[in-house]
Amino acid sequence: MLIPLVDLKVQYDLLKAEIDAAIQGVIDSGSFIGGRQVEGFENAFAGYCGAGHCVGVGNGTDALYLALRSLGIGHGDTVITVPNTFIATAEAISMTGAVPEFVDVDERTFTLDPEKLEELLERKRKRGDQRAKAVIPVHLYGQVCHMDAILGLARRYGLSVVEDAAQAHGSVYVRSLVQKPCGAIDGGLTDDCMEGRSTSMAGSLGDVGCFSFYPGKNLGAYGDGGAIVTSRPEIATKVRMLANHGRIAKYEHEFEGINSRLDSLQAAILKVKLGHLGEWTEMRRWNASRYRECLSDLDPERLLLPLEAPYGRHVYHLFVIQVPHRHEVMEGLKESGVATGVHYPVPLHLSPAYRRLGYREGDFPVAEKVAKEVLSLPIYPELSSDGLSYVCTHLRKILDRT
Ligand SMILES: *Cc1c(COP(=O)(O)O)cnc(C)c1O
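Described in the following lines is the structure provided in the data block. (Residues numbered from 1 in each chain as written. Predicted model: local features only at pLDDT ≥ 70, side-chain atom pairs only at ≥ 80, totals over all residues. Heavy atoms only, no water.)

Some points on the overall build of the chain
For clarity, the cut-off: Here a helix means four or more residues in a row that DSSP labels H or I, a strand means two or more in a row labelled E, and each is numbered from the N terminus. Note that the radius of gyration is over C-alpha atoms, with the globule rule given as 2.2 Å times the number of residues to the power 0.38. Residue contacts are defined here by distance: any two heavy atoms, one from each residue, within 4.5 Å place the two residues in contact. For accessible areas, the Shrake-Rupley method is used with a probe of radius 1.4 Å. Any residue's cover is judged against the shown protein chains and nothing else. Charged residues are defined here as Lys and Arg on the positive side and Asp and Glu on the negative side; His and the ends of the chain fall outside this count. By convention, the point assigned to a charge is CZ for Arg, NZ for Lys, CD for Glu and CG for Asp.
What the chain contains, in helices and strands, is eleven helices and 14 strands. In terms of overall dimensions, the chain is globule-like: its C-alpha atoms have a radius of gyration of 21 Å, near the 21 Å expected for 402 residues. Over its C-alpha atoms, taken along the principal directions, the chain stretches across nearly 65 × 60 × 45 Å. When contacts within the chain are restricted to residue pairs at least 6 apart in sequence, long-range pairs at least 24 apart make up 74% of them. Accessible surface computed for the chain: about 17,300 Å², of which carbon and sulfur atoms make up 52%. Of the charged side chains in the chain, 43 are positive and 51 negative; the average position of the first set lies 3 Å away from that of the second.

A closer look at the nonpolar core
Rule in force here: Nonpolar core, defined: a set of buried Ala, Val, Leu, Ile, Met, Phe, Trp, Tyr and Cys residues in which side-chain atoms within 4.5 Å join the residues together. For every residue, the accessible area obtained with a 1.4 Å probe (protein chains only) is divided by the maximum for its type, and the residue is called buried under 20%, exposed over 50%, and partly exposed between those limits.
In terms of nonpolar packing, the biggest core is built from 70 residues, with Phe-41, Phe-45, Leu-117, Met-147 and Phe-213 touching the most fellow members. Taken together, the elements giving at least two residues each to this core come down to helix H1 (8-29), helix H2 (35-49), helix H5 (114-127), strand S4 (132-135), helix H6 (147-157), strand S9 (226-230), helix H8 (264-295) and helix H10 (365-373). Here the element with the most residues in this core is H8; it accounts for eight residues. Those residues in contact with Met-147 that sit more than four places away from it in its chain are Pro-137, His-139, Val-161, Glu-163, Tyr-173 and Leu-205. Judged by nonpolar contacts, the second largest core, of 26 residues, contains Leu-305, Val-329, Leu-333 and Leu-399.

Structural notes on the site of the ligand
As a reminder, the rule being used: A cutoff of 4 Å decides nearness: a residue is near a molecule or strand if any of its heavy atoms lies inside that distance of it. For the purposes of these results, a polar contact is taken to be a pair of N or O atoms within 3.5 Å, where, inside protein, one atom must be able to donate a hydrogen and its partner to accept one; residues adjacent in sequence count only when each atom of the pair is a side-chain atom.
Of all residues adjacent to the ligand, which total 14 residues, the nearest are Gly-60, Thr-61, Asp-164, Ser-212 and Lys-217. One of the side-chain nitrogen or oxygen atoms of Asp-164 is found 2.8 Å away from a nitrogen atom of the ligand. One of the side-chain N or O atoms of Ser-212 is found 2.6 Å from an oxygen atom in the ligand. Burial of the ligand by the protein chains amounts to 93% of its free accessible area of 380 Å². At the level of elements, helix H3 (60-70) and helix H4 (88-95) are the ones that each hand at least two residues to the shell around the ligand.

Observations concerning the packing of H1 against H8
The condition that has to hold: Every axis corresponds to a line fitted to the C-alpha atoms, with the helix fit spanning only the stretch in contact, and the corresponding angles, defined between N-to-C directions, vary from 0 to 180 degrees. The handedness criterion is simple: a crossing whose near helix is rotated anticlockwise from the far helix by less than a right angle is left-handed, and one whose near helix is rotated clockwise is right-handed. Each residue is assigned to one class: nonpolar for Ala, Val, Leu, Ile, Met, Phe, Trp, Tyr, Cys and Pro, charged for Asp, Glu, Lys and Arg, and polar for all the others, Gly among them.
Axis separation between H1 and H8 bottoms out at 9 Å; the angle between their running directions is 145 degrees. Two packed elements cross with a definite hand, and for H1 against H8 that hand is right-handed. For the pair H1 and H8, the contacting residues are Gln-11, Leu-15, Glu-18, Ile-19, Ala-22, Ile-23 and Val-26 in the first and Ser-264, Leu-265, Ala-268, Ile-269, Val-272, Lys-273, His-276 and Trp-280 in the second. Residue composition of the contact of H1 with H8, by class: ten nonpolar, three polar and two charged.

Describing the pairing of strand S8 (residues 208-212)
How we decide: Paired strands are those between which DSSP finds at least two bridges.
With five of five residues buried, S8 lies mostly within the body of the structure. What you see with S8 is no split at all: Val-208, Cys-210 and Ser-212 on one side and Gly-209 and Phe-211 on the other are buried throughout. The pairing of S8 with S9 spans four bridges and is antiparallel. By the bridge assignment, Gly-209 is partnered in S9 with Val-229.

What to know about a nonpolar patch on the surface
Stated formally: Within this analysis, patches are made of residues with over 30% relative accessible area and no salt bridge. Like charges are joined at 9 Å or less; nonpolar side chains (Val, Leu, Ile, Met, Phe, Trp, Tyr) at 5 Å or less. Here a salt bridge means any side-chain nitrogen of Lys or Arg lying within 4 Å of a carboxyl oxygen belonging to Asp or Glu.
A surface patch of nonpolar side chains, amounting to about 280 Å² of accessible area, comprises Ile-27, Phe-32 and Ile-33. Phe-32 sits in the partly exposed class, given a relative accessible area of 39%.

What to know about the side chain of Thr-89
On the secondary structure map, Thr-89 appears in helix H4. For Thr-89, a relative accessible area of 0% corresponds to the buried category. Not counting residues within four places of it along the chain, the set of residues in contact with Thr-89 comprises Leu-64, Thr-81, Ile-136, Val-138 and Asp-164.

What to know about the packing of H2 against H8
Viewed as axis vectors pointing N to C, H2 and H8 meet at an angle of 30 degrees, and their least axial separation amounts to 8 Å. H8 is crossed by H2, and the crossing has left-handed handedness. Contacts from Gln-37, Val-38, Gly-40, Phe-41, Ala-44, Phe-45 and Tyr-48 in H2 reach Ser-264, Ala-267, Ala-268, Leu-270, Lys-271, Leu-274 and Leu-277 in H8. Among the residues forming the contact of H2 with H8, the class breakdown is ten nonpolar, three polar and one charged.

A word on the side chain of Lys-273
Mapped onto the secondary structure, Lys-273 falls in helix H8. For the buried Lys-273, no salt bridge is present, and the opposite-charge side chain at shortest range is Glu-382, 8.0 Å distant. Sequence-distant contacts of Lys-273, defined by excluding residues within four places in its chain, comprise Gln-11, Leu-15, Ile-19, Leu-219, Gly-220, Tyr-222 and Trp-280.

Some points on the state of the cysteines
Selection rule: The disulfide definition used here is simple: a pair of cysteine sulfur atoms within 2.5 Å.
Under the counting rule described, the total for this entry stands at one disulfide. A sulfur-sulfur separation of 2.0 Å characterises the disulfide bridge that pairs Cys-294 with Cys-392. Here Cys-294, found in helix H8, pairs with Cys-392, found in helix H11 (residues 385-401); they are 98 residues apart in sequence, far enough to count as distant. As a non-bridged cysteine, Cys-145 has Cys-210 as the owner of its nearest cysteine sulfur, 13 Å distant. Residue Cys-145 is classed as buried on the basis of its relative accessible area of 0%. Given the relative accessible area of 1%, Cys-210 is considered buried.

Focus: the sheet that holds S9
Read across the sheet, seven strands follow the order S1-S9-S8-S5-S4-S2-S3 without closing on themselves; strand pairing throughout is mixed. The sheet is open, and its two borders are formed by strand S1 (53-57) and strand S3 (99-102), each paired with just one other strand. The mean angle between the axes of side-by-side strands here comes to 25 degrees, regardless of whether they run parallel or antiparallel. Sheet analysis places strand S2 (residues 78-81) next to S4, joined by three bridges and oriented parallel. Note that in S4 the partner of Val-79 across the bridge is Ala-134. Taken strand by strand, H2 contacts S1, S8 and S9, and its axis lies near 130 degrees from that of S1. The sheet strands contacting H3 are S1, S2, S4, strand S5 (160-164), S8 and S9, and the helix crosses S8 at an angle near 165 degrees.

Okay, structure coming up:
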């Protein structure tokens, strides 16, 4: 058997008629930038995220950059984020002229650790360092960060919050209104646990939420694409202008912006795919529960399953296990025809790209350990039940001999 990490072709085959019609519709309309298609998708995606506004942009990196710019962030400022993310999160900060500042993550969720954020902010306060203007929590692998704690700190220390939701389309944050024990035996919240709880979608919690529609993301275009969502109309207006040359009307420029627009073909494709996102998320979650069933008896020293935090509903963009002998496990799976990935092998503070920031090995021990041990297994929605069992069987065999 050959099992890829993601399979975009099988999804297209299932949606071919719908997608082809949408593409043909755009070509027939003769309108390729902006217009009805883009507006239609923006409205649908804003509604899906429970945010008042959505602005389509060129890609997820630009979404982050434009979000920061719309908040007035630039030279002389710093923006706090985590080291174990895709480089785009930090690049977007540098693009504004600001400097990225890292904070370590929680060892079980791999997302920003609010306690470490508080320590960093306290240290800065004592030093009289007031440069930090924003924090970018990354909803890594499809799991929302501990947002109440992060939002509380942001309020207390006067920071804006820009969510990197590039991997978390449709992920849900759950606030408990009544304290009651609820079914998180590593499997997260069951539906009957939602009662008495208020929920918000990833991206709608901070000042701005940023999404990528890179083809392999949970909601992926057939090319590059991205969006911001926000409930603050002035931010939506500012991002829309920044993404379109600072324009208020043709040849009337309020300020300098860039060219970063979601094109009509991608918007039409995304609108079709958005209609299926809920069902794909359930398929990903089903696959995750199957992995848990077939791997949960293994010694956690040899294989650690991902934790689903009680405050969120994971959408499993990636199913990431931790294995001490990662190289052997990857090679073994590869020999059996199973593709895997590492997200991410080098924490950003140790990447040559950020050498200038002066961080050293040991600065963020959790992110450093995680980078050495994480392994992403195939979990795309259309992965067959036989395929998943095949991955489990071979993984267990390899672990038995390592
Ligand atoms: C994919 C991704 C981005 C960047 O998105 P692009 O559309 O590729 O520019 C940013 N942050 C994270 C966490 C991502 O996974």
